[in-house]
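Okay, here's what each chain looks like letter by letter:
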Amino acid sequence: MNRVFVVDDHALVRSGVRSELGAAGDGDDGEPRIEVIGEAADVDAAVAGIADTRPDVVLLDVHLPGGGGVEVIKRVLASHPSTLFLALSVSDAPEDVIAVIRAGARGYLTKSVSGPELAEAIERVAAGDAVFSPRLAGFVLDAFAGGLSLPSDPELDQITARERDVLRLIARGYAYKEVARRLNLSVKTVETHVSSVLRKLQLSSRHELTRWATERRLV
Amino acid sequence: MDLTRRRQGRWLAGVCAGLAERFALSVNAVRAGTVVLALVAGPPVVIAYLATWAILPDRDGAAFLGRRHEQGHALTARSAGEAAAWAAIVVGVILLLAEFSSWLPRSVLLPGLLACAGAAVVWGGPLGRYRPLRVAVGVSLVLAGGFATLAAVSDLRTIGRSAAGAAVVVAGVALMLGPGLARLARSLADERRQRILSQERADVAAHLHDGVLQTLALIQKRAADDKEVRSLARRQERELRDWLYAPRATVGPDGVADLLRRELADVEDHYGVRLDAVLVGDAPLDEAARALVAAGREAARNAATHAGVDSVDVYLEVEPERVSLYVRDRGRGFDPTVVPPDRRGLADSVVGRVRRHGGTAEIRSAPGEGTEVELSVPRPAGSA
């Protein structure tokens with residue numbers, strides 16, 4: 001069973017998530033797959049609540065009163081570095097998405113995601129993997145598009161051809177299982193590729209990444 | 001007609017030509033008159049000429065003094081050279097006049113020129129990265145010129161005394177008025193900020209009213225019609241998103257991405273299906289790209305009508321050598337080897353269209369497993 005803490009400033013969203021996750025049903029052990037053990041509507045309440053309840057996964061909205069999701073991640077990770085975050089947002093703004101990922105979120109989903117997909121994503125994050133929505137995959141492909149003339153760290157500043165293949169399929173709407181089948185890989189290998197891209201996204205000092213995100217915001 | 005300087009057919013600054021045109025006189029007569037006047041009356045005429053040059057706008061609406069600002073940072077080598085040439089001419093004329101008339105003793109003239117040069121250093125052209133240096137040099141030149149001029153007309157002790165008196169007066173005025181002026185400036189800035197804020201708020205309110213509130217009202221009215229409500233909500237969501245996170249079109253309204261976005265929006269509106277599009281990159285539209293988007297639209301329409309799903313994934317990627325478009329649904333699917341007659345559209349308007357433009361088209365589908373249409377067209381060589 002995975003214990004989830006929901007942080008969103010809209011009560012409607014919190015109760016919607018709660019009921020969708022409740023409908024995820026029971027796991028093999030007869031217990032519910034996912035249990036929502038707490039909610040918070042702003043940064044301070046979230047930091048305190050997460051420290052109290054020690055959830056397996058925190059479902060986090062990007063925009064929050066009191067500093068936003070990034071602030072929650074920073075403060076919680078400072079005291080509880082093993083906490084896992086999954087960002088869930090309506091925002092399409094690349095710099096919001098990239099900011100929560102770089103702060104330490106293990107994935108990003110848009111709120112149009114279906115209940116079962118959300119439950120699966122939570123389990124994936126709880127297992128230590130990364131979760132990319134098609135949109136996030138698109139952002140990454142865009143940001144890492146083209147060769148970098150002078151990568152300061154070739155390992156972190158570029159994605160491999162295989163990782164690009166995986167991201168492309170995710171951007172096309174494939175689930176990990178479908179990606180694996182299409183590329184003749186195991187699901188585990190697909191997960192490894194995605195986690196590796198996430199790590200690059202978080203650690204790359206590639207300044208294009210930040211510039212790319214802010215440029216996309218300019219109207 | 002307004003009085004302007006003429007840039008065409010000018011000898012010096014176009015002042016005479018402008019005057020002649022304004023008052024419908026012969027240009028040469030005006031020029032001759034000006035020269036005669038200058039010789040007879042001397043300096044005042046020269047000064048008037050220079051002042052006219054500086055103040056009068058030319059045909060393009062730019063006065064000499066304002067021209068630099070109009071041009072922004074594009075102070076080219078040519079205009080710098082031109083400015084230097086003009087400066088040399090002006091200085092030469094003034095020196096010449098000083099030599100032959102007694103209107104200015106040289107002891108005053110030279111410091112005056114020094115001060116002018118200082119002002120030119122400060123104001124001439126954009127400051128750029130030499131800003132501090134130029135301001136310092138310019139201000140020192142002006143001060144030096146000023147002092148030298150004063151020293152030439154009276155003795156330094158008198159200057160010192162009157163300067164001290166002036167300083168006291170200035171300090172007193174500053175003490176009396178300073179705080180008030182500072183407060184005024186602050187409140188003006190505050191007011192400006194407030195005005196901008198309330199303007200923004202009005203913009204947001206107008207947008208919410210025109211779009212979101214109208215849509216909400218419509219949704220309440222048509223609550224019984226499931227499909228209509230969904231499509232209304234989706235359209236509004238799309239509009240609001242565009243407004244909030246307007247994606248920066250790299251190629252602009254004529255790019256592939258923008259055209260595809262419009263076509264998909266149209267399909268969404270007509271068929272009530274959500275098209276989740278992820279677009280990577282952009283390219284200018286050519287025939288092949290147009291065909292690709294048209295085929296993609298057709299594929300999306302097919303998915304919307306036949307797949308029996310609520311949402312369809314669309315992915316566009318622009319690479320240096322090709323543009324690819326994928327339309328995927330998780331609906332009914334079909335056996336591509338036995339295409340029913342009513343699905344001929346897929347072959348003709350999707351596959352055929354793309355292949356005619358040198359592209360590739362592939363349809364992957366199986367009953368119960370959904371359909372994916374993969375389209376790709378080459379980009380013209382050298383567009384990377």
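Given the structure is predicted, the values throughout are model-derived calculations rather than measurements.

1. Some details on the overall build of chain A
Then step 1. When helices and strands are counted, chain A shows 11 helices and six strands.
Then step 2. Residues classed as buried in chain A amount to 53% of the 219 residues present.
Then step 3. Taking all contacts inside chain A whose residues are at least 6 apart in sequence as the whole, residues at least 24 apart take part in 70%.
Then step 4. Working note: accessible area of chain A is about 9,200 Å², and carbon and sulfur atoms make up 53% of it.

2. Topic: the confidence of the model for chain B
All names here are of chain B.
Then step 1. The share of residues in chain B with pLDDT of 70 or more is 76%, and the mean pLDDT across the chain is 77.
Then step 2. Of all secondary-structure elements in chain B, the lowest mean pLDDT belongs to helix H4 (residues 64-71), at 44, while strand S3 (residues 322-329) reaches the highest, 93.
Then step 3. Across residues 65-78, confidence stays below pLDDT 50; counting only partners more than four residues off in sequence or on other chains, it has 13 contacts.

3. Here's the deal with the packing of helix H8 (residues 161-171) of chain A against helix H9 (residues 176-183) of chain A
Residue and element names in this part refer to chain A.
Then step 1. Axis separation between H8 and H9 bottoms out at 10 Å; the angle between their running directions is 130°. Relative to H9, the element H8 is oriented oblique. The handedness of the crossing between H8 and H9 comes out as right-handed. Residue-level contacts link Arg162, Asp165, Val166, Leu169 and Ile170 of H8 to Tyr176, Val179, Arg182 and Leu183 of H9.
Then step 2. Across the contact of H8 with H9, the residue classes tally to six nonpolar, no polar and three charged.

4. Let's talk about the packing of aromatic side chains
Then step 1. On inspection of all chains with the given rule, the structure shows one aromatic pair over all chains.
Then step 2. Positioned above the aromatic ring of Tyr174 of chain A is the side chain of Arg328 of chain B, whose terminal nitrogen or guanidinium carbon lies 4.1 Å from the ring centre.

5. Notes on the confidence of the model for chain A
Reading fine detail from the predicted coordinates is not recommended where pLDDT is low.
Then step 1. Mean pLDDT for chain A: 85, with 89% of residues reaching 70 or above.
Then step 2. Across chain A, the secondary-structure element scoring lowest on mean pLDDT is helix H11 (residues 207-217) of chain A, at 63, and the one scoring highest is strand S3 (residues 57-60) of chain A, at 93.

Calculation notes
- In this convention, every chain numbers its residues from 1, walking through the sequence in written order.
- Each chain gets a letter, beginning with A, and each ligand a number, beginning with 1, in the order they are written.
- Where local features are concerned, this predicted model is filtered to residues with pLDDT of at least 70; where side-chain atom pairs are given and counted, the filter is 80 or more; whole-chain, interface and lining totals use all residues.
- Hydrogens and waters are ignored; side-chain quantities use all the structure's heavy atoms.
- The helix count covers DSSP runs of H or I at least four residues long, the strand count covers runs of E at least two residues long, and both are numbered beginning at the N terminus.
- Only protein chains enter the accessibility calculation, which uses a 1.4 Å probe; a residue is then buried when its area is under 20% of its type maximum, exposed when over 50%, and partly exposed in between.
- In this description, contact between two residues means that some pair of their heavy atoms is separated by no more than 4.5 Å.
- Throughout, the Shrake-Rupley method with a 1.4 Å probe supplies accessible areas, and for residues the shown protein chains are the sole cover considered.
- Confidence scores labelled pLDDT are given residue by residue by the predictor and lie between 0 and 100.
- Only C-alpha atoms enter the line fits that serve as axes; for helices the fit covers just the stretch in contact. Angles between N-to-C directions range over 0 to 180 degrees.
- Note that the term roughly parallel is reserved for angles under 35 degrees, roughly antiparallel for angles over 145, roughly perpendicular for angles of 65 to 115, and oblique for everything else.
- By definition, any crossing whose near helix is turned counterclockwise from its far helix by less than a right angle is left-handed, and any crossing with a clockwise turn is right-handed.
- Each residue gets one label: Ala, Val, Leu, Ile, Met, Phe, Trp, Tyr, Cys and Pro are nonpolar, Asp, Glu, Lys and Arg are charged, and the others, such as Gly, are polar.
- Any two rings among Phe, Tyr and Trp, with Trp reduced to its six-membered ring, count as a pair given centres within 6.5 Å; such a pair is stacked if its planes are under 30 degrees apart, edge-to-face if over 60, and tilted if neither.
- A positively charged side chain is recorded as over a ring if its NZ (Lys) or CZ (Arg) lies within 6 Å of the ring centre. The angle to the ring normal must also be within 35 degrees.

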